[in-house]
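One-letter residues, chain by chain:
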Amino acid sequence: MSDTIVRTPEETAVLNIIDGVYRSWVANDADTFVAEYDPDATTVGPGNFTVGREAARLRMAAAFAGPLHDSHVLDEVQNIRFPNPDTAIVVSRSAVVMAGESDVPEDRWGVATWVMIRRDGRWLLTSHQYTAG
């Protein structure tokens, strides 16, 4: 028996957005980090709330230039669902691996919720929330 997960084209499309966000994170590239964001996207994380793609870009540019420089994220998708054909919700377990770390303390793992919408045939991230611990 194989452990290979077969994804639908829609699942693959929304997971590609998450993969792109994390590739941009590794590159410390705030511009491409938000390239797949809806213009009015909201983001929520420990101690922050932003509205809009540009606000998210500015916050991540500062983080990549500072405490998140050379970090990366471990992300384990837990659930994908489509409440309607043009909305996807992905829940994942994730943790930031800081520069120089090889392991993540268990208390740094959290849960991320990603909400994507399909607009004019293109999937966009419209909301992201990360809850630590």
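Since the model is a prediction, treat every value here as computed from it, not as a measurement.

**Student:** Got a sec to walk through helix H1 (residues 9-26)? Specific residues and values, please.
**Tutor:** Helix length check: H1 (18 residues) gives 25 Å between terminal C-alpha atoms against 26 Å at 1.5 Å per residue, within 8%. The complete set of buried residues in H1 reads Glu 11, Val 14, Leu 15, Ile 17, Ile 18, Gly 20, Val 21, Tyr 22, Ser 24 and Trp 25. Asn 28 occupies a position one or two residues after H1 and carries a positive phi of about 55°.

**Student:** Mind laying out the sheet that holds strand S2 (residues 48-51), listing which residues take part and the relevant values?
**Tutor:** Spatially, S2-S1-S6-S5-S4-S3 is the arrangement adopted by the six strands of the open sheet, whose pairing is mixed. Because the sheet does not close on itself, it has two edges, and the strands there are S2 and strand S3 (72-84). Strand after strand, the sheet turns through a mean of 15° between neighbouring axes, direction not considered. In this structure, strand S1 (residues 37-45) lies alongside S2, joined through four bridges in antiparallel fashion. Across the sheet, Thr 42 pairs through a bridge with Val 51, a residue of S2. The strands touched by H1 are S1, S3, strand S4 (87-97), strand S5 (110-119) and strand S6 (122-132); relative to S3, the strand with the most contacts, the crossing angle is about 155°. Here helix H3 (residues 53-65) sits on the sheet in contact with S1 and S2, set at roughly 50° to S1.

**Student:** Give me the lowdown on the nonpolar core, citing residues and values where you can.
**Tutor:** Trp 25, Phe 33, Tyr 37, Val 90, Trp 114 and Met 116 are the most contacted members of the largest nonpolar core, which has 28 residues in total. Broken down by secondary-structure element, the contributors of at least two residues to this core are H1, helix H2 (30-33), S1, H3, S3, S4, S5 and S6. No other element matches H1, which puts seven residues into this core. Apart from residues no more than four positions distant in its own chain, Trp 114 is found in contact with Ile 18, Val 21, Tyr 22, Asp 75, Ala 88, Ile 89, Val 90, Ser 92, Leu 125, Ser 127 and His 128.

**Student:** Can you tell me about the pairing of S4, naming the residues and giving the values?
**Tutor:** Where burial is concerned, most of S4 is hidden: nine out of the eleven residues are buried. Bridging between S3 and S4 involves ten bridges; their strand directions are antiparallel. Paired with Val 77 across the two strands is Ser 92, which belongs to S4. Where S3 hands over to S4, the hairpin turn is made up of two residues, counted between the paired strands. In terms of strand pairing, S4 meets S5 through eight bridges, oriented antiparallel. Each bridged residue has a counterpart across the sheet, and for Ile 89 the counterpart in S5 is Val 115.

Analysis parameters
- Residues numbered from 1 in each chain as written.
- Predicted model: local features only at pLDDT ≥ 70, side-chain atom pairs only at ≥ 80, totals over all residues.
- Heavy atoms only, no water.
- Helix = DSSP H or I, 4+ residues; strand = E, 2+ residues; numbered from the N terminus.
- Expected span 1.5 Å × (residues − 1).
- Buried < 20%, exposed > 50% of the residue type's maximum accessible area, 1.4 Å probe, protein only.
- Pairing = 2+ DSSP bridges.
- Axes fitted to C-alpha atoms, helices over the stretch in contact; angles between N-to-C directions.
- Contact = heavy atoms within 4.5 Å.
- Core = buried A, V, L, I, M, F, W, Y, C linked by side-chain atoms within 4.5 Å.

Geometric descriptors of this kind do not, in isolation, establish any biological role.
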